[in-house]
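In case you want the letters, here they are:
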Protein chains: 4
Amino acid sequence: MLVVMQHGASADEVQRVVDTIEELGYEARPMPGKQRTAVGLVGNDGRVDASRLAALPGVKEIIHVTQPYKQVSREWKEEPTVVELPGGLRIGGDDVVVMAGPCSVESEEQILEAARAVRASGAAMLRGGAFKPEETGLLVVTEAIDPEGVDLVAQYADVIQIGARNMQNFSLLKRAGRAGKPVLLKRGIAATINELLLSAEYLLAEGNHDVILCERGIRGFDNSTRNVFDLAAIPVVHGLSHLPIIADPSHATGRRDKVIPMARAAVAAGADGVIVEVHPQPDRALSDGAQSLYPEQFAELMREIRVITDAIGRSVAEPLPAVSA
Amino acid sequence: MLVVMQHGASADEVQRVVDTIEELGYEARPMPGKQRTAVGLVGNDGRVDASRLAALPGVKEIIHVTQPYKQVSREWKEEPTVVELPGGLRIGGDDVVVMAGPCSVESEEQILEAARAVRASGAAMLRGGAFKPEETGLLVVTEAIDPEGVDLVAQYADVIQIGARNMQNFSLLKRAGRAGKPVLLKRGIAATINELLLSAEYLLAEGNHDVILCERGIRGFDNSTRNVFDLAAIPVVHGLSHLPIIADPSHATGRRDKVIPMARAAVAAGADGVIVEVHPQPDRALSDGAQSLYPEQFAELMREIRVITDAIGRSVAEPLPAVSA
Amino acid sequence: MLVVMQHGASADEVQRVVDTIEELGYEARPMPGKQRTAVGLVGNDGRVDASRLAALPGVKEIIHVTQPYKQVSREWKEEPTVVELPGGLRIGGDDVVVMAGPCSVESEEQILEAARAVRASGAAMLRGGAFKPEETGLLVVTEAIDPEGVDLVAQYADVIQIGARNMQNFSLLKRAGRAGKPVLLKRGIAATINELLLSAEYLLAEGNHDVILCERGIRGFDNSTRNVFDLAAIPVVHGLSHLPIIADPSHATGRRDKVIPMARAAVAAGADGVIVEVHPQPDRALSDGAQSLYPEQFAELMREIRVITDAIGRSVAEPLPAVSA
Amino acid sequence: MLVVMQHGASADEVQRVVDTIEELGYEARPMPGKQRTAVGLVGNDGRVDASRLAALPGVKEIIHVTQPYKQVSREWKEEPTVVELPGGLRIGGDDVVVMAGPCSVESEEQILEAARAVRASGAAMLRGGAFKPEETGLLVVTEAIDPEGVDLVAQYADVIQIGARNMQNFSLLKRAGRAGKPVLLKRGIAATINELLLSAEYLLAEGNHDVILCERGIRGFDNSTRNVFDLAAIPVVHGLSHLPIIADPSHATGRRDKVIPMARAAVAAGADGVIVEVHPQPDRALSDGAQSLYPEQFAELMREIRVITDAIGRSVAEPLPAVSA
C-alpha cells in the first residue's frame, strides 16, 4: 500500500502518516519525489484500514498494491483448479465442457426434448433444468435465486448457478458456499473482474473450492448487442486466478445469429466451457426465444467447437452414458 | 409496438407477421417504406409476447413504443406523489428533505452523537440508524439487505432502504412492497432509468405507493470519482414518473470535498431530498470515512442548501420537534 | 420513421404532426394505441428533418426505423466487398490477412529487422512502416494523422490507416476518400458500430469503396485490460455491412500475454484479418513496448492462427514473394 | 513511480529492476511486502520510460504516482487562472459567464436575431457566431475544426472553441496554442478528466495560458439523455487544476426540458460559466432544434442562474455595452 501525499504536504503531515502506519503495526517507508512524497506501507496483510490513512491531512490518495482477494488468486494456488463432477466430468482441465438447454423450464416435455437434442449433439450438461433427466446422462446446472432456494437446488442439481444479478448478493453467496455442491458464478453486468474474484472469494471462504466463473457480457454504450462480450476476461482471469472460467454467448449477445461465432471465439480465447441456450422451438419459447439456437444450429456449433478445441490442443468433454431404464 | 422487417423480406414473411399479430389478438398495420416495411401492432396492452414476433423469418427488430412500466408513470398518475411520514414530514412536495448520518453503526454512542449533530444543523432524517434516537425527533431510514430483514427494519425504521446492489433483487422488492412502510429505492450502479422505474413498479404492484427513488451514481470509465453522479436522472425521472427522487452525493463521489458542491447541484437540479454521510469523527470511521462529512462541514452544507432551495422556490423540511424525556 | 405522441396528446396535436409530414412531402399513417398514438412516416428517403417533427407540441419522441447510412449497408450491396491490393493480396475474401510490425518507427534498421521477422513467420503486411521494405515483399499500412499527410502516405503505403482518434475527423476522412488508395478505418474508442459505419460512409461517398474496418477495443469501466475488445462487433458488422473487418488485439488489450488468445478469438469470430504489434526487442521499444510481441511469440501466434483458419474453412493469406535485388 | 513485482519474482528479477532504474538515472527503493515486492523510483521528473520497466521479467505492473501533466496542475500554479477577454470580461473569477446562441449559423439575420435576444436577457457571449455582431456588445466564441481554420477563427472570434471530437487532435491543439487567442476546450465524449487536462497541457505548452475547459457530457449506457452530464467534473477539475471550467447542458442532455435544471445544477456545482443553445425559432432550426431553448425560456433560465449565483456568493458577468452606430 502506498500513501501518496499532496504536493505541498508538510513534513509534519508526512510524519503523522508514518506514525499512524507504525501505530497500526506496520513499517513505513517514505519516498520523497520531485513532485510529492509517497509513504510505502510494508507488510500489508490485507487488514490495513486504508480509510484511516486516507483521512489524514495532507494525504492525496491511497494506492493498493495488493489485490483484495486471497484464496482465489494464482499466487495462493499455482496449479489450475479442476472441478470434479459426478461420473468423472471435469471442468478446468483439458476438456472444454458444453452446457446447453432452454432459458426457462416450460414443461417436463419441453425440457426432455431439449435434453435429448443437446445430448445427441454432444453437450455434457443441461442448463435451466429443474427436472433431472436421468435417462440422458446429462448433468444439470440450475440457478438459485435466493438463500432459501439454495438447498433445494443443491439437492437436485449437480452445479448451483448464481446469476449475474446476484453476484454481490452476499447472503446468497454464503449459503451457496456451504451447500456442498460446485457453484457456477456469473459475472455481474457492471462488475469488474476484481469484483468477480472478490465474490468468488466469499464462496472459497465458506470452504467451497469448486467454483466455476462465467463471463456473460457487461454493460456498454452500444446497443448493437445486448451486452459487450468481454472475452479478454478469459485470459485475464486465467492470469489472476486458478479457477476455471466459461462463457455464455447467448446472454452476452442476445441474438441467435451472433451466438455461433462468439461461442467459437470464446473457446479460441481459452474458455473452459460454454453455456448456450437451445430450445426445441425457439419461436414458441416463453422467454428469450430470439437468442435460443435451433437444435440443428446447436449441432453445427458443436462440430465447429470440436475443430477449434483440436486446433488449440484441447478436446470437448464427452457426455456421460445415458442410463437405460 | 413496431415490427421492422429486413430489407429483402418477402411479401409472405410480412403476411406471416400480420397473421401472428392478429392471432395474438391485436390489430396489424403494415407500413411499406423505401428501404423496408414495418408492421405496427395496434392496441398493445403491455402483454404482447415480443419474442414470438422477433423470431419470425424476415423480422429485423422489434421497436417498443410503450414503456414497460405502468403505475409508476406520469401517464398513469399526473400529479406528483408525496410520501407522508410520521409527524407530518413529506417527501415529494415543496420541501427538500435532508437525511444524514454515518455510513454504518459503530455504537449507540456514535449514532446518538451523529444524530444530535445533524439534527442541530437541521437534518430531518437519520440515515444508517439501527437504534431509533427518539429524543432527537429524527425519523430513521435503514437498509434491509435480505427478505427476512425487511420486517425487522419495518418495525423500527420509518423508511426501508433498498440498496443499489439489491435494486433487482425481486424477492426483496416483493417483501418490501408488502411491509407497510415507505421504501427508499436506490438506483443500481449499472441500471438505466427505465430499469429503476421497473423495479419501483414491483413495489407499487404489491400495493405500496410510498416509494422514493434515489440517484447515487452509476459506473463509468473515469475513476476521478467513485461513480458518475448522473444528476440529469432527476429531471428525467420527474418527466417520466410521479415518484419523488432524492440524491446521494456521498456514495456517488466517494470523496468528502466533492460532496458539498454536488449536494448543492442535486438540489438545484430539482431533487426532492439529499442523503449524505456525516460522522462525528470521520478519520476514526470504520467504513467510508473518506466520504463522510465532519459535523461542521454538514452545518455549512445545510446553510448552502437553504439558500439554493430559496432560489428555486422550495424550502428545507424542518426536523420534527425533539421529544423531552 | 415513427413519431410517438405523448400520452395526453390532443387530436389537434396529432393532426398537426400529420399535416407537417404531408407538408414535407411524405405520407402519414396514424396508429392509435392503448397508451398513446404514434404516426408512421411512409416513404422516408433519408432526408426527413426529424427535428422539425420532434419540436411539435405533443410529440414525445422520434423513432428511426431506417439506418442513417447507405452505401456501406448490406441492403445496398449484398455480396461482401473484397479489397484488392497489389500483387493479388485480397482482404475480405476467404483469406485471413495478418498485418504485423512495430508500433512506431525508430530507425530504418529496426523496421527492416521487424519486417524480416514477421515476413519469415508469414505476415503479409507490415504495420507502422514509413519506409517501404521492398525486398521483403510485404505490403505496408501506414497511418495518416492529418489531411496534409494523406497524400504522402498514399504515395508510399499500400493502405492508408485512419486511427481511432480520427474516426470522426471528417476533413481527414474526406481527403482519404479521394486519395486513391484503400483505407483501414479504426473504430473510435467510444464509437458505436453505427457511428463506425457512418464514418465509413464518408469514404464511400467520396468514391472510395476499398474500405477495411477495424475493431480495436472500446472504453469500459474495468481497467484489467486497456480497453474492452468488443469481438461481437465482427459478426455484427458482417451482418450490417458488406465491408471487411479486421481486429487489433494489441491496442485492445494493451498487454502482451493477452494478445495471442485474443488474436485467436478474433479469427474464430470471423475477422478478415488481424493487426498485431511485433518488435524485435520489445523491452527496448520507444512506445507501447509492453504490448508488442517478441518475434518468436509472433511465430507461435501464426501457427495457431493457421489451425483456427483451417478449422473454420478459411486460410491465411500468404505474403507476396520477396524481391531479389 | 512504483514497479510492482509478481508474487513469485526472484531476487535476480528484483535486482534487474533496481539496476535498470539506476541506469536510467533515478534512485531505486525496494519495498518487500507480505505478498510481493515493489520497487519505488525516486526522483521521477516525468520523463521515465515506463515501458522499459514494464517489459522486464517478473514485473507485474507499473503504478504512476505523479500526474502526467504539469503546467495545468494546481501544484504548478496555486491561484486560479482568470482568462481576461476584451472589454474586461473575465472567466474564472467571481463572475459566472453565460454564453448563448444557435447551434449553427443559418443566416446573418438569424444570428443577429439570436444575438439580440440573448443579449437582452443578459448573456455576455455569443456561441456559434461566424459574424461578429458588433452592435450587441457580445463577445464571440467560434469553433475551429481543422488546423487551417484556426487563424481565420482567431481573426474574427474572441475565443477559439475546440470541439469534443477534436479534444485529442494534436495538430489542431498545437495550432490553437499558438493563435494568440483564448481557447475553450471541450471534453471528449469518452475522455477521462486526466486526458482532458493532458490536452490542455498541449495548449499551455505552446505558450497559451488562456484556456477554459468545458464539461459537455460523456458516453454512458443509458439513452434517457444523449450523454451523461458529469457535473462532478467541475469540482474535480477545480481540485486538480487552476484552469476555469464551464458546462454545456444543451449537448450533454440533448433535450430542451432538461437544459434549465441542469444549467442551474452546473452553476450550483461551481461552474465558471455555462454555454447553452438558444434559437429564435427552435422548430425551424437546421440542426439540434430539439435541444435549443426558446428565447423566453432562456430569459427564465437567466433569472434562475442569477439567484443561484447569489446563493453561492458569485454573480453573473454582465454583457459589455452595446455599440451605438
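The rules behind the values
- Counting from 1, residues in each chain are numbered in the order their sequence is written.
- The lettering of chains begins at A and the numbering of ligands begins at 1, in the order of writing.
- Given that the model is predicted, a residue must reach a pLDDT of at least 70 before its local features are reported, and side-chain atom pairs must reach 80 or more before they are shown or counted; all residues, however, enter totals for whole chains, interfaces and linings.
- With hydrogens and water excluded, all non-hydrogen atoms of the structure serve as input to the side-chain values.
- What makes two residues a contact is simply this: any of their non-hydrogen atoms within 4.5 Å.
- Note on terms: buried area is the combined drop in 1.4 Å-probe accessible area of two parts once they are placed together, counting the loss on both.
- The term salt bridge refers to a pairing of a side-chain nitrogen on Lys or Arg with a carboxyl oxygen on Asp or Glu at a separation within 4 Å.
- Under this definition, polar contacts are N or O atom pairs within 3.5 Å; protein pairs additionally need one hydrogen-donor-capable and one acceptor-capable atom, and for neighbouring residues in sequence, both atoms have to be side-chain atoms.
- Strands are runs of DSSP state E lasting at least 2 residues, helices are runs of H or I lasting at least 4, and numbering of each runs from the N terminus.
- Each residue gets one of three labels, nonpolar for Ala, Val, Leu, Ile, Met, Phe, Trp, Tyr, Cys and Pro, charged for Asp, Glu, Lys and Arg, and polar for the others, Gly among them.
- Points on a 1 Å grid over protein atoms alone make up a cavity when a 1.4 Å probe fits among them but cannot get out, and a pocket when they form an open set with protein on both sides within 12 Å along at least five of seven lines; lining residues each have an atom within 4 Å of a point.
- Grid points are joined across faces, edges and corners, and a volume is the space filled by probe spheres set on the points.

Chemist: Is there a simple way to think about the interface of chain D and chain A in this case?
Modeler: Where interface size is quoted, it is often the accessible area lost as the parts come together. Contacts between chain D and chain A engage 29 residues on the former and 30 residues on the latter. Between chain D and chain A, the buried area comes to about 2500 Å², and carbon and sulfur atoms account for 57% of it. On the chain D side of the interface with chain A, the three residues burying the most area are Met31, Val65 and Glu75 of chain D, jointly 23% of the side's total. At the junction of chain D with chain A, the criterion picks out two salt bridges. In this assembly, chain D and chain A are joined by six residue pairs in polar contact (both at pLDDT 80 or more). The set of elements that each furnish at least two residues to the side of chain D that touches chain A consists of β1 (2-5), β2 (27-32), β3 (37-42) and β4 (59-63) of chain D. For the side of chain D that touches chain A, the element with the most residues is β2 of chain D, which contributes four residues. Looking at the side of chain D that touches chain A residue by residue, the class counts come to ten nonpolar, twelve polar and seven charged.

Chemist: Could you clarify how one ought to interpret the interface of chain C and chain A in this entry?
Modeler: Across the contact, 31 residues belong to chain C and 31 residues belong to chain A. Roughly 2500 Å² is buried in total at the junction of chain C and chain A, and carbon and sulfur atoms are behind 74% of that figure. Linking chain C with chain A are two salt bridges, by the criterion used here. The shortest N-O distance in the salt bridge between Asp222 of chain A and Arg187 of chain C comes to 3.3 Å. Summed over the shared surface of chain C and chain A, the result is six residue pairs in polar contact (both at pLDDT 80 or more). Put simply, the parts of the chain that give the side of chain C that touches chain A at least two residues each are α7 (233-240), α9 (256-268) and α10 (295-311) of chain C. Broken down by element, the side of chain C that touches chain A gets its largest block of residues, six residues, from α9 of chain C. Taken together, the residues of the side of chain C that touches chain A sort by class into 21 nonpolar, four polar and six charged.

Chemist: Looking at this structure, how should I read empty space enclosed by the protein?
Modeler: A probe as big as a water molecule, rolled over the atoms, marks out the empty space that is left. Within the structure shown, the criterion is met by ten cavities of 30 Å³ or more. Each pocket or cavity is described by its volume, and for the largest cavity that value is around 240 Å³. Every residue lining the largest cavity is counted, 20 residues in all, and those nearest its centre are Arg219 and Gly220 of chain B together with Arg219, Gly220 and Phe221 of chain D. Residues that form the lining of the largest cavity fall into these classes: twelve nonpolar, four polar and four charged. Roughly 150 Å³ of internal volume is contained in the second largest cavity.

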